[in-house]
Amino acid sequence: MGTGSSSYRPKAIYLDIDGRIQKVVFSKYCNSSDIMDLFCIATGLPRNTTISLLTTDDAMVSIDPTMPANSERTPYKVRPVAIKQLSEKEELIQNVLTQVAEQFSRAFKINELKAEVANHLAVLEKRVELEGLKVVEIEKCKSDIKKMREELAARSNRTSCPCKYSFLDNNKKLTPRRDVPSYPKYLLSPETIDALRKPTFDVWLWEPNEMLSCLEHMYHDLGLVRDFSINPITLKRWLLCVHDNYRNNPFHNFRHCFCVAQMMYSMIWFCGLQEKFSQMDILVLMTAAICHDLDHPGYNNTYQINARTELAVRYNDISPLENHHCAVAFQILNQPECNIFSNVSPEGFKQIRQLKMILIKCCDISNEVRPMEVAEPWVDCLLEEYFMQSDREKSEGLPVAPFMDRDKVTKATAQIGFIKFVLIPMFETVTKLFPVVEELMLQPLWESRDRYEELKQMDDAVREQKAESLTSGSATSREKSRDLGKQSEAVQRPENSDTEKLLTVCDAMTFVMLPEHF
């Protein structure tokens, strides 16, 4: 069938000519004389010269079509032996053959050059693709600036009255702002990477773009991008879309999302969860931690139900916020450009919806296990959000929970019960599974409980002193009023009564004794 001839390739021989490597190519149809002439031309010798070829170890090589091929590293050395005289006719034929040989050589070099150019073009095309079409993206960014400003203005208007926002009109939020996210890829230092794996990580030091880059690093560091074939650009789009769907609440905001995800990431490392759970479980834990409070309006389920909001009606008063968070998460994932689970099997996708609730809840309410300077500002943020809700409930005539009423709750009373009856029992349960949690998380909780109990004792002491002072002051005023008719109008009241002085001192003691973040 001619397969032998169709697959035949010309033979290439490499010659060492005064330290310069010369490549000579000939076909199997050339005879020994033709090959010798080619070698003479390549070396610059007359065509009628008789030559011999030597290997690197000075062994002679037969010059014929079956001679062994060599490489650039093992070229043959050319040694002239004798020059034979040619007739005029033979010399003319020799010149013609020389020209033909040169043409063949050029043709082969052109083909090699074409192949090399094609390879370079392929590399350049690959590089352009991997760079995410930056040139096109720059033009898109310029045209999107106006749209982004309008979107930011709309978001500001929405957060000014969160409960009047229509939860049904959120398709625009779920669309990424551009094809390739604009936040820069920060190069995390070794110190930051190490701190990111610990519960003591200070989440207040980072801007939104830096938090996005830290979350992106977590997915790469845990091997989730590799194991589930997540497109890095899709991961960036998904994270940016998640960021856009957290509201600017005092507590339930994107920084809270990052705080919970970072705590989950640290638990995965110091509890060795990758040795106990599958990678699918790790993917579920991280993704659920990031999405757990998506589009939180800043008002809890009790308010949603009592105020008969759209969410409460939609979910028939059954965990309206939790259902809404989950719905928004899967609406984002339903966008092809944001679907980080596009390469996950259908069975795996079903497992994604089964959240590991205990670990996620531990991370969600784990602020008190962090250092005091990191944890305490979160208490202030949460109380601010609680007071915002209770004020609204009072203005709308709705029931107010005592722990949210600014007139009844203090930071100490709010935290003591929460730590003693919720956090400590929950983390004690986790400690039974992962003993390392006791030192890293339970110990800070015990210390936080003791600190707030001391604060409550000081608050109670100050309150008792104020009450006693008020009682003593009222008795003194009654005695003075009985003697008022007997005294002359010339008697003047002191500038500052003892009661006023004591109240002033007590007020000052309150600020002296309370923690600096109170």
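Residues numbered from 1 in each chain as written. Predicted model: local features only at pLDDT ≥ 70, side-chain atom pairs only at ≥ 80, totals over all residues. Heavy atoms only, no water.

Caption draft 1: Region of the structure containing the overall build of the protein chain. Regarding its fold elements, the protein chain presents 20 helices and five strands. When burial is assessed residue by residue, the protein chain has 40% of its 518 residues classed as buried. Counted over contacts in the protein chain with a minimum sequence separation of 6, partners at least 24 positions apart contribute 72%. Just so you have it, the protein chain exposes about 29900 Å², and 55% of that area is on carbon and sulfur atoms. (Helix = DSSP H or I, 4+ residues; strand = E, 2+ residues; numbered from the N terminus. Buried < 20%, exposed > 50% of the residue type's maximum accessible area, 1.4 Å probe, protein only. Contact = heavy atoms within 4.5 Å. Areas by Shrake-Rupley, 256 points an atom, 1.4 Å probe, with all protein chains shown as cover.)

Caption draft 2: Up close: the packing of aromatic side chains. For the structure on display, the rule yields ten aromatic pairs. Their ring planes at 75 degrees and their centres at 6.5 Å tell us that Phe26 and Phe39 sit as a pair that is edge-to-face. With Phe26 in strand β2 (residues 20–26) and Phe39 in helix α2 (residues 32–43), this pair connects stretches of sequence that are 13 residues apart. Owing to a relative accessible area of 3%, Phe26 belongs among the buried residues under this scheme. Between Tyr246 and Phe254, the ring centres sit 6.2 Å apart and the planes meet at 65 degrees, which makes this aromatic pair edge-to-face. Residue Tyr246 is classed as buried on the basis of its relative accessible area, which comes to 2%. Judged by its relative accessible area of 7%, Phe254 falls in the buried class. (Phe/Tyr/Trp six-rings, centres within 6.5 Å; stacked < 30°, edge-to-face > 60°.)

Caption draft 3: Region of interest: the nonpolar core. Ranked by size, the top nonpolar core spans 79 residues in total, and within it Tyr219, Trp238, Phe258, Met286 and Ile290 carry the most contacts. Tallying contributions element by element places helix α9 (residues 254–270) first for this core, with twelve residues. Ranked by size, the runner-up nonpolar core spans 18 residues in total, among them Ile13, Phe26, Leu38 and Ile51. (Core = buried A, V, L, I, M, F, W, Y, C linked by side-chain atoms within 4.5 Å.)

Caption draft 4: Highlighting the packing of helix α8 (residues 232–244) against helix α11 (residues 279–291). It is at 10 Å that the axes of α8 and α11 come closest, and there the two elements cross at 35 degrees. Of the residues in α11, those touching α8 at Trp238, Leu239 and Val242 are Thr287, Ile290 and Cys291. Class assignment for the residues of the contact of α8 with α11 results in five nonpolar, one polar and no charged. (Axes fitted to C-alpha atoms, helices over the stretch in contact; angles between N-to-C directions. Nonpolar A, V, L, I, M, F, W, Y, C, P; charged D, E, K, R; others polar.)

Caption draft 5: Just the pairing of strand β3 (residues 49–54), in detail. Counted residue by residue, β3 has five buried out of six residues, so it is predominantly covered. Pairing of β3 with strand β4 (residues 60–61) involves two bridges; the strand directions are antiparallel. Counted as the bridge partner of Leu53 is Val61 from β4. Remark: five residues form the turn of the hairpin made by β3 and β4, two consecutive strands paired antiparallel; Asp58 in that turn has positive phi of roughly 65 degrees. (Pairing = 2+ DSSP bridges.)

Caption draft 6: Just the pattern of salt bridges, in detail. Applying the stated criterion across every chain yields a total of 16 salt bridges. The partner of Asp391 in a salt bridge is Arg406, with the nearest N and O atoms 2.7 Å apart. You can see Asp391 sitting in helix α17 (residues 372–395) and its partner Arg406 sitting in the loop between α17 and α18 (411–433), a full 15 residues away along the chain. With a shortest N-O distance of 2.5 Å, Asp460 and Arg463 are connected by a salt bridge. With Asp460 and Arg463 both in helix α19 (residues 436–482) and three residues apart, the pair spans about one turn of that helix. Relative accessible area serves as the criterion here: at 23%, Asp460 is assigned to the partly exposed category. Within the structure, one salt-bridge network assembled from shared partners comprises Glu376, Asp380 and Lys411. (Salt bridge = Lys/Arg side-chain N within 4 Å of Asp/Glu carboxyl O.)

Caption draft 7: Molecular detail of α18. Compared with the 33 Å implied by 1.5 Å per residue over 23 residues, the 32 Å span of α18 between its first and last C-alpha is a close match. Of all the bends in α18, the greatest, near 45 degrees, is centred on Ile419. Within α18, burial applies to Lys411, Ala412, Gln415, Ile416, Ile419, Leu423, Ile424, Phe427, Val430 and Thr431. (Expected span 1.5 Å × (residues − 1). Bend = angle between axes of the 7 residues up to and from the residue.)

Caption draft 8: Spatial organisation of α2. Taking 1.5 Å of rise per residue, twelve residues should cover 16 Å, and α2 covers 17 Å from first to last C-alpha, within 8% of that figure. Looking at α2, one finds that the buried residues are Ile35, Asp37, Leu38, Phe39, Cys40, Ala42 and Thr43. Backbone geometry just downstream of α2 places Gly44 in the positive-phi region, at approximately 80 degrees.

Caption draft 9: Here's a closer look at the confidence of the model for the protein chain. In the predicted model, the protein chain carries a mean pLDDT of 76, and 72% of its residues have values of at least 70. Here helix α20 (residues 498–513) stands out as the element of the protein chain with the lowest mean pLDDT, 28, in contrast to helix α7 (residues 224–227), whose mean of 95 is the highest. The low-confidence segment residues 157–172 (pLDDT under 50) makes 30 contacts with residues lying over four places distant or belonging to another chain. The low-confidence segment residues 484–518, where pLDDT is below 50, has 28 contacts with residues more than four positions distant or belonging to other chains. (pLDDT = per-residue confidence, 0-100.)

Caption draft 10: Local environment of the packing of α9 against α11. At their nearest, the axes of α9 and α11 sit 7 Å apart, and the two run at 160 degrees to each other. Classed by the angle they form, the pair α9 and α11 counts as roughly antiparallel. Judged by the sense of rotation from one axis to the other, the crossing of α9 with α11 is right-handed. Contact with α9, carried on its side by Cys257, Val260, Ala261, Met264, Tyr265 and Ile268, involves Ile282, Leu285, Met286, Ala289 and Ile290 of α11 and no other residues of that element. Class assignment of the residues belonging to the contact of α9 with α11 gives a composition of eleven nonpolar, no polar and no charged. (Parallel < 35°, antiparallel > 145°, perpendicular 65-115°, else oblique. Left-handed = near helix turned anticlockwise from the far one by under 90°.)

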